[in-house]
Amino acid sequence: MSLAVGAVLVADAGLAFHGWSMATAAAVSAACALVGSFLVVRRMSLLGDAIAHAVLPGIAVAVLAGGRLGGPLVLVGAVAAGLVTVWLTRALHAAVGLAEDAGAGVVFTSLFALGVVIVTLCAAQIDLDPQCVLFGILELAAFDLVSLGPLLGSSVGPVLVPRAFLTASAVLGLVTATLLGTWRLQVFTAFDPAAARAAGLPVAALTILLLGTTAVATVAAFEAVGAVLVVAMLVVPAATAELLVHRMPHVAALAVALAMVAACLGWAAAWWLNTSAAGMMAVVLGGFYGLAVALAPGEGFVARAATRLGLAWRVAREDWLARIWRAGEEAGGAGEVTRPRPRSLLERAVAGWLEWTGVVVLHRGMVRLSAPGVREAETVVRSHRLWEAWLGRHAELPLDHLHPPAEWLEHHLGAAMRERIEAEMAVGEADPHGREIPPESGARP
Amino acid sequence: MTAAAAPILEFHDVTVAYGRRPVLWNIDLAIAEPCLFGVIGPNGAGKSTLLKAALGLVPVVGGYVRYFGAPLAGVRGRVGYVPQRETVDWDFPVSVMDVVLMGTYGRLGWLRRPGRRERELARRCLDRVGLGDLAERQIGRLSGGQQQRVFLARALAQEADLYLFDEPLAGVDVRSQEHIFQVLAAIRDEGKLVVVVHHDLRTAAEWFDRVALIDMRLVATGPTADVLTPDNLRRTYAGRVELLEELGRAVAERGRTP
Amino acid sequence: MMIDLGTSAAWTPLVAAAGPAGLAMTYNTLVVLAGVAAVGFAAGVAGTLALLRRRPLVGDAAAHATLLGVGTAFLLTGRRDLPTLLAGALVSAVAAVGVLVLLRRIARTRDDAATAIVIGVSFGAGLAVVAGITARGLPGSAGLEQFLLGHTAALTARDALLLAAASLGVVVLVAVALKEAVLVAFDAAFAAASGWPVGLIDAALVSLVALMVVVGLPAAGAVLVTALVVIPPVAARQWTNRVGPMLLLAGLFGLAAAVAGVLLSTLRPGLATGPLVVLAAAAICFVSFVVAPERGWLARRLGEADRRRRWTRGRVLGECFALCGDDAATGFERALVIDRAAGDSGSLRRDAGRAWHQLVREGVLERATLRAGGRDFGQESVARGAAVRGAMPQAGRDRWRLSSAGLVQARERRRRIGAWRDVLDAAVENGRDALTLDLPAPEEVLEGVVLAPLAAAWQSAPRAAEDTR
């Protein structure tokens, strides 16, 4: 079998086919996303990647020993292989001082290579194809049906369900039960292993449990998406969720939801584009992650650019108003002064906006600040001069060193901070240059 | 005729930020004469940051730093630097001699290999710090004091006119500390400025000619005895440092303080 | 790699043979092998720099992204020749690394998660492209999958020369700029302060690794090529403590692994080369872990056994000395010495017995065959002509004595132990100040005793005794 699965697909792919395929994919993704949430938070993504690769020899040996793909023997083999990986990595670190990532790299690539060789050499005895090991056979899952009829009672007819779906559901159930059962302990350990250990929690056992659960989830994902993409299903949903929400239960829940949606979308996209379902699921997950990076409220790329722009605008606005105010002060308190010249495109835009909204009144080449404009300007100048006074008092700086920092920081001082600074000064005290400090005006910017 | 010579090292109204968050405010400091100069202050006060900013390792957002009147770019060859010890992987497969030779790379420039002149220089520097016998030893096999002395030798190999040391005595036993201080004093006696970030007030009082007391900003500077008075040390900065921290946060978040 | 049975022309692709019978190496075969060898060597060299820079897996993201580049290159150009496909792979590899760097800067995601994301998503995208191509049965698309696990069968001699040239370029670059690379890897802060463009050098390093990953694709495949970059340097580190030899060894190990893997894959048609190359590298690595001098497992176990032997020997000698009270003419019984030296422990008693035999063989201990005036004498005393008037043979008694040489040894041992005790006492008093001299390792000097449990700690942290934090 090769990558040309798409071309093989049947003509009469109906709702049942799509439904079962998506259901299987969703179940697999959900299990991986749930486990992956803990892996990501505990900075164990690399170990997750390692286990995803290294379970292959375990599975291969188990199948050679007579296990069925999806059966309990294979699960055991996978867990054993996963734990061997972790143990070997730690042992290498202890014995030869090999850094954890280098050790993991050595161990899991070797084990994976071993698995591929076993699978290739024993192709006759094993129902695994090396290429399918790499990217799964989700497309064929819907054809491998088992009957649930006998389980549900003899009166019910044969209920045909894909075996892969059964495996995936069983694994999902197992993973959920394990993690929910130890939820509090796992969360505590995830956020602060040192404190957990100090509090007497069996951190090592919990970690082994987590890694074992990873191996189990990996096995289910194996059939659907193959070894390499399991890592995408483990890590990407959780990393995406982390960018959007911040409490662990929410992260896990969101990760699972995203994973399931991505699985369905990925399947649909693969069908539509006639390509590998596993690949498209990974691409969709990547798309979600990219969207989160860009659009996350507050920290997303877009949000940060907006904040940056917002600050630049505010700074330009306040500088412009303060400039007019200072010009007025120098002219002895005149109400109208010559319109200053904008020094940049941004200043020009700001000046235009201020005039348009009436904060600054333009009349025949002269400008005057409206009442709100005066208040805003005075606040800025007040901040500036208060900071200069503070620096002058506490920082033993020469006079000419005071203006540049104040120029910068005047935009960041809020009302409460200004009050604190003023409280340190004498009543009616001037700034270090001898200029009067404008009083606090009623309106807070 | 009597134009004042530029100070050896000058911080002019320097504000330093990590990310966008200012951690050092308006440092104004000029050192005109070669001496053993200590930079001291509480933990987290920004002492190491000051050094890193001087070397361009951390961005300076206000003011400037000048060496002999010029910006760093033109005079890098004249400035020697010894970073904190923790940054290094001691299992790295290099010998003591290899590390000291690294001090000569700056002068060699791209692609040229160290030759006989560099090796002899390295040997002399090793002898000066008392590590002459250990040239071929892998660096992981040294004691803490010996490791620090390797870095000292590397700095000496830079043949600089001014040296910046970041906590050279952290985690070093008393005997080695004394030895290291003697080497530093010898460098000063050659007419070079030695600036040392140091954590211990007691030894600072003994060894440094001049100090600067840093706590997010310059509190005091001058001859050691004048600066390390109980008054200066007892002055409560808590309120002022808090204010600076709040302001720093506001700047980092591009907003205003409350 | 297929073995050719007799075709000649230098630039034709290899033709599949009808089985592994016969090993006639043609020019083609040799060139391909040489190319693969060069790739393996250069991969080891590049990987060493990455390992020293503490970023051994930097090539992983690049490697998984190559599939996307290969598929896209084919899609865009319709050509399947190696240079085109590898060019595409290089573009996507570099792009993947670029995305990784970008993510570090603009997203809150941690490093390890970001790497895993780039690996998974780029591989998935690559898979989608290649699967789409194969599903549509585009002409010439068969065989793109071979980039997954490596397949040198279709390599032409020209391809192999291209790979060899790229590899040579990498090695030359590393040789030329070695000091800069090691400087930055060892102490980036110092390098930056000295004015070196650390960011640029790091970028160059990552690019080299990405290039080697791409060049290694035919030999090892996208999924496993990072192993060729990671494993040989790890193995090489076990054998040496200097950078130059480490680079050379890593290159040789990589070369051996690549060649071995390719040769092994000829044993069965259909075996991908990648897994075999990795297994060969892993085997070399495993052997290195076990056999390497000093750092290897065997060396350390043997060292322990050696130390244990010396420790036991010292104890036995010490007990003999104690029992004879520094007098060569006072004898003692073997059983008593063993009891006191080893107590009840079976294994210790066995060790003590062996030590005893050793001491006898060396002439440190000898039988006290004569007894006179309550004192014991042996052959040595007779040979020396010591007055043994009235000496009676000690038949039936198992008495032994220290020879004069043995006495000298025992006295020296006692002196050393006493000296060390004084040193340690003084150290405790002076807050360990006194231990700043460059002393030899205690276990080289003393014979174990109570310091044995500490010896293991010393091995890994020889400077721990001096840090006074």
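Predicted, not measured: the structure shown is a model, and the values here were computed from it. (Residues numbered from 1 in each chain as written. Chains lettered and ligands numbered in written order. Predicted model: local features only at pLDDT ≥ 70, side-chain atom pairs only at ≥ 80, totals over all residues.)

Some details on the overall build of chain C
In terms of regular secondary structure, chain C is built from 19 helices and six strands. Counting only residues that meet the buried cut, chain C has 49% of its 469 residues in that class. Pairs at least 24 apart in sequence give 68% of the contacts found in chain C among residues at least 6 apart. (Helix = DSSP H or I, 4+ residues; strand = E, 2+ residues; numbered from the N terminus. Buried ≥ 20, exposed ≤ 12 C-beta atoms within 10 Å, placed from the backbone. Contact = placed C-beta atoms within 7 Å.)

What about the interface of chain A and chain C?
The interface is formed by 53 residues belonging to chain A together with 50 residues belonging to chain C. Elements with a contribution of two residues or more to the side of chain A that touches chain C: α1 (5-8), α3 (45-64), α4 (72-96), α5 (100-121), α6 (130-135), α12 (203-244) and α14 (277-295) of chain A. With 11 residues, the top contributor of residues to the side of chain A that touches chain C is α5 of chain A. Looking at the side of chain A that touches chain C, its residues break down into 36 nonpolar, 13 polar and four charged. (Nonpolar A, V, L, I, M, F, W, Y, C, P; charged D, E, K, R; others polar.)

Brief notes about the interface of chain B and chain A
Between chain B and chain A, the contact holds 17 residues from the first and 19 residues from the second. Every element with two or more residues in the side of chain B that touches chain A is listed here: β1 (9-18), β2 (21-31) and α11 (238-252) of chain B. Among the elements that take part in the side of chain B that touches chain A, α11 of chain B stands out by supplying six residues, more than any other.

Concerning the confidence of the model for chain C
Residues and elements named next belong to chain C. Mean pLDDT over chain C: 83, with 84% of residues reaching 70 or higher. For chain C, helix α18 (residues 442-445) is the element with the lowest average pLDDT, namely 53, and helix α11 (residues 243-264) is the one with the highest, namely 95. Here residues 1-24 is a poorly scored stretch, pLDDT under 50, and it has 41 contacts once near neighbours within four places are set aside; other chains count. Scoring of the predicted complex yields 0.82 for pTM and 0.88 for ipTM. (pLDDT = per-residue confidence, 0-100.)

What about the packing of helix α15 (residues 301-330) of chain A against helix α17 (residues 371-394) of chain A?
All names here are of chain A. Remark: α15 packs on α17, axes separated minimally by 8 Å, with the N-to-C direction vectors making an angle of 95°. Accordingly, the angle class assigned to the pair α15 and α17 is roughly perpendicular. Here E318, L321, A322, I324, W325 and R326 of α15 lie close against α17, whose contacting residues are G373, E376, A377, E378, V380 and V381. For the contact of α15 with α17, the per-class residue count stands at seven nonpolar, one polar and four charged. (Axes fitted to C-alpha atoms, helices over the stretch in contact; angles between N-to-C directions. Parallel < 35°, antiparallel > 145°, perpendicular 65-115°, else oblique.)

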